[in-house]
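The lines below spell out each chain.
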Amino acid sequence: MIPNQWYPILEAKEVGNGKPTGVRRMGEELVLWRDLDGNLVCQGARCPHKGANLADGRMKGNTVECPYHGFRYGPDGACKAVPAMGSGARIPRSLRVPTHPVREAHGLVWLWWGEERAEADLPGIQIAPVVADNPKAHSTTHWTRPVHYTRYIESLLEFYHITYVHRDHWFNYIDYLFLYGTARKLGLDGKERYLAATKIVNHKLETEGQTLRYSFDHQEEADPKNSTHYVITFTFPCQVHVQTEQFEATSWLVPVDDGHTEHILRWYEYPTFKPLLRTEKLRRILPWASLYMEKWIQDVQDVRIMERQEPKISEGGVSKFIPVDELNAKYLAMRSRLIQEAAAPAAGEKPGTAAAQESAALPAPAAKTAPANGRRTARTEAAPASPAR
């Protein structure tokens, strides 16, 4: 994972006031809850007493209560009560859980992952204007897949795989008919046009800070008029926004651990139907349907390929890229650079000194595996796992 970045970890609406919410992200079990003022709190989920998961507990006033022995922890991470010691007991300072900086923005909860900094020193959340300022109605959902996030991101940074991966399932005939077919032939020529468009032309890559913008045309070589224009905007650490004439969507590919990725997907309304669907609630219905088709059909087809890719983690030099893979290549190069920069000693500190080592240190991931959905509720069991990377 790339340190010193804000990662979206779940939808803000999933963290309520009534009970703690557990998730596994960045190789660690986390518990999220809201204090009595509604402020969001994110902490390490392991109770330091005997290792129970606080996400299985309950809210008690302005604390989260451990399900095992009732130890209660406040928003600052300190233990506030140990029932077995009585109300007047002196609680050891070591009884505390780590508290992580979190923010709410754009309907998501964002976790700061990296070196410890004062709130005033934390950077702003990186999000491209095409997402932050997007006025369209949309729907959002998420799911977990058993692949490393680098492979998942790669699959969305290029779309010339779609001709080969998405050609056989019955659902694709809906795409053929409505998205690729011509009105002159009532959409019946959709599959032929879809499968014929295999060439990438007019590709252009632009870089602005931690945002990469890649535009290209996916067209039929024998008939250039059969063409789809794509604009893919990638913002580190894990946001991919895709725009075409047919659809618009934003993905956040968030590390759960080395073997799992949480895909938060936002699908935007179809402008063609906006005049017919007068309320925003109605305009969200088609994006919602697209999300579930993506979750259960299209994305499954991609993941089936990704699960068998080798090596499991993509890095510079493991793939033989062709010219149209320039966005993939740039992503991997920048990812490597950002990881190196985050690990570098702070200015003025000599490598090997205690201060330099401390400034480069990052939270150590817990050695556990994600549950199948990458998310813990008050009843979910956790399983054994691999270290995060």
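In case you missed it, the structure is sitting above this.
Presented here is an overview of the structure given in this document. Values in this document were obtained by computation on a predicted structure and should not be read as measured data.

## Side note on the overall build of the protein
For step 1, the next point in the chain: Scanning the protein for helices and strands turns up nine helices and 21 strands.
For step 2, the next point in the chain: A buried classification covers 50% of the 389 residues belonging to the protein.
For step 3, the next point in the chain: In the protein, 58% of the contacts between residues at least 6 apart in sequence involve partners at least 24 apart.
For step 4, the next point in the chain: When the accessible surface of the protein is split by element, carbon and sulfur atoms take 53% of a total near 19100 Å².

## Structural notes on the nonpolar core
A general tendency of soluble globular proteins is for nonpolar side chains to be buried together.
For step 1, the next point in the chain: Judged by nonpolar contacts, the single largest core of 66 residues is most densely connected at Val109, Phe159 and Tyr331.
For step 2, the next point in the chain: With six residues, strand 11 (residues 108-113) is the single largest residue contributor to this core.
For step 3, the next point in the chain: In contact with Phe159, other than residues within four places in its own chain, are Phe216, His218, Tyr230, Ile232, Val242 and Phe247.
For step 4, the next point in the chain: Ranked by size, the runner-up nonpolar core spans 17 residues in total, among them Ala52, Leu54, Cys66 and Val97.

## A look at the side chain of His241
For step 1, the next point in the chain: Residue placement: His241 occurs in strand 16 (residues 239-243).
For step 2, the next point in the chain: Here the side chain of His241 touches Thr250 through a polar contact of 2.7 Å, side chain to side chain.
For step 3, the next point in the chain: With residues up to four places along the chain from it excluded, the contact list for His241 reads Val130, Val131, Asn134, Val231, Ile232, Thr233, Glu248, Ala249, Thr250 and Tyr268.

## A word on the sheet that holds strand 10 (residues 102-105)
For step 1, the next point in the chain: Within the open sheet, the three strands sit side by side as 1-11-10. Their pairing is antiparallel. Of all the strands in the sheet, just strand 1 (5-11) and strand 10 have a single pairing partner and so form its edges. Each strand axis lies, on average, 35° off the axis of its neighbour in the sheet, ignoring direction.
For step 2, the next point in the chain: Relative to strand 11, strand 1 runs antiparallel, the two sharing six bridges. In the strand pairing of strand 11, Gln5 is matched with Trp113.

## Concerning the environment of Gln239
For step 1, the next point in the chain: Its location among the elements puts Gln239 in strand 16.
For step 2, the next point in the chain: In the structure, Gln239 is positioned 108 residues away from Val131 in sequence and 9.5 Å away in space, judged by C-alpha atoms.
For step 3, the next point in the chain: For Gln239, the contacting residues outside a window of four places in its chain are Ile127, Ala128, Val131, Thr233, Phe234, Thr250, Ser251 and Trp252.
For step 4, the next point in the chain: At 3.2 Å, the side chain of Gln239 and the side chain of Trp252 are in polar contact.

## With respect to the pattern of salt bridges
For step 1, the next point in the chain: The final tally for this structure, using the stated rule, is 18 salt bridges.
For step 2, the next point in the chain: Where Lys80 meets Asp76, a salt bridge forms, and the shortest distance between an N and an O atom there is 3.3 Å.
For step 3, the next point in the chain: Lys80 gets classed as partly exposed once you look at its relative accessible area, which sits at 44%.
For step 4, the next point in the chain: When salt bridges that share partners are traced, they join Arg24, Glu29 and Asp257 into one network.

## Some words on the packing of aromatic side chains
For step 1, the next point in the chain: Overall, the coordinates contain 10 aromatic pairs when judged by the stated rule.
For step 2, the next point in the chain: Their ring planes at 10° and their centres at 5.0 Å tell us that Phe216 and Tyr230 sit as a pair that is stacked. Note that Phe216 is positioned in strand 14 (residues 211-220) and Tyr230 in strand 15 (residues 227-235), a separation of 14 residues in sequence.
For step 3, the next point in the chain: Since its relative accessible area comes to 2%, Phe216 is described here as buried.
For step 4, the next point in the chain: Centre to centre, the rings of Phe247 and Trp267 are 5.2 Å apart; their planes meet at 20°, and the pair counts as stacked.

## Topic: the environment of Ala289
For step 1, the next point in the chain: Along the polypeptide, Ala289 turns up in helix 7 (residues 285-306).
For step 2, the next point in the chain: Note: C-alpha distance between Ala289 and Trp267 (22 residues apart in sequence) is 9.4 Å.

## Thoughts on helix 2 (residues 149-156)
For step 1, the next point in the chain: Of all eight residues in helix 2, eight are buried, a share of seventy percent or more.
For step 2, the next point in the chain: What helix 2 keeps buried is the set Tyr149, Thr150, Arg151, Tyr152, Ile153, Glu154, Ser155 and Leu156.

## Details of the pairing of strand 15
For step 1, the next point in the chain: Most of strand 15 is tucked away: seven of the nine residues are buried.
For step 2, the next point in the chain: Inspection of the sheet shows strand 14 paired to strand 15 by nine bridges, in the antiparallel sense. From the neighbouring strand, Ser215 faces strand 15, where its bridge partner is Val231.
For step 3, the next point in the chain: Counted along the chain from strand 14 to the antiparallel partner strand 15, the turn is six residues long.
For step 4, the next point in the chain: In terms of strand pairing, strand 15 meets strand 16 through five bridges, oriented antiparallel. Bridging from a neighbouring strand, Val231 pairs with Gln243 of strand 16.
For step 5, the next point in the chain: Linkage of strand 15 to strand 16, two consecutive antiparallel strands, is achieved through a turn of three residues.

## Points about helix 8 (residues 326-343)
For step 1, the next point in the chain: Look at helix 8: 26 Å from first C-alpha to last across 18 residues, which is about the 26 Å you get at 1.5 Å a residue.
For step 2, the next point in the chain: Against the buried residues of helix 8 lie strand 1, helix 2, strand 13 (197-208), strand 14 and strand 15.

## What to know about unusual backbone geometry
Glycine aside, a negative phi is what most residues show, and trans is what most peptide bonds show.
For step 1, the next point in the chain: Cis geometry marks the peptide bond from Phe236 to Pro237; its omega dihedral reads 10°.
For step 2, the next point in the chain: In this structure, Pro237 sits in the loop between strand 15 and strand 16.
For step 3, the next point in the chain: Although it is not a glycine, Met26 adopts a positive phi angle of roughly 55°.
For step 4, the next point in the chain: Residue position: Met26 is located in the loop between strand 2 (21-25) and strand 3 (28-34).
For step 5, the next point in the chain: Relative accessible area serves as the criterion here: at 0%, Met26 is assigned to the buried category.

Rules used in this analysis
- Residues numbered from 1 in each chain as written.
- Predicted model: local features only at pLDDT ≥ 70, side-chain atom pairs only at ≥ 80, totals over all residues.
- Heavy atoms only, no water.
- Helix = DSSP H or I, 4+ residues; strand = E, 2+ residues; numbered from the N terminus.
- Buried < 20%, exposed > 50% of the residue type's maximum accessible area, 1.4 Å probe, protein only.
- Contact = heavy atoms within 4.5 Å.
- Areas by Shrake-Rupley, 256 points an atom, 1.4 Å probe, with all protein chains shown as cover.
- Core = buried A, V, L, I, M, F, W, Y, C linked by side-chain atoms within 4.5 Å.
- Polar contact = N/O pair within 3.5 Å; in protein donor to acceptor, adjacent residues only side chain to side chain.
- Pairing = 2+ DSSP bridges.
- Axes fitted to C-alpha atoms, helices over the stretch in contact; angles between N-to-C directions.
- Salt bridge = Lys/Arg side-chain N within 4 Å of Asp/Glu carboxyl O.
- Phe/Tyr/Trp six-rings, centres within 6.5 Å; stacked < 30°, edge-to-face > 60°.
- Expected span 1.5 Å × (residues − 1).

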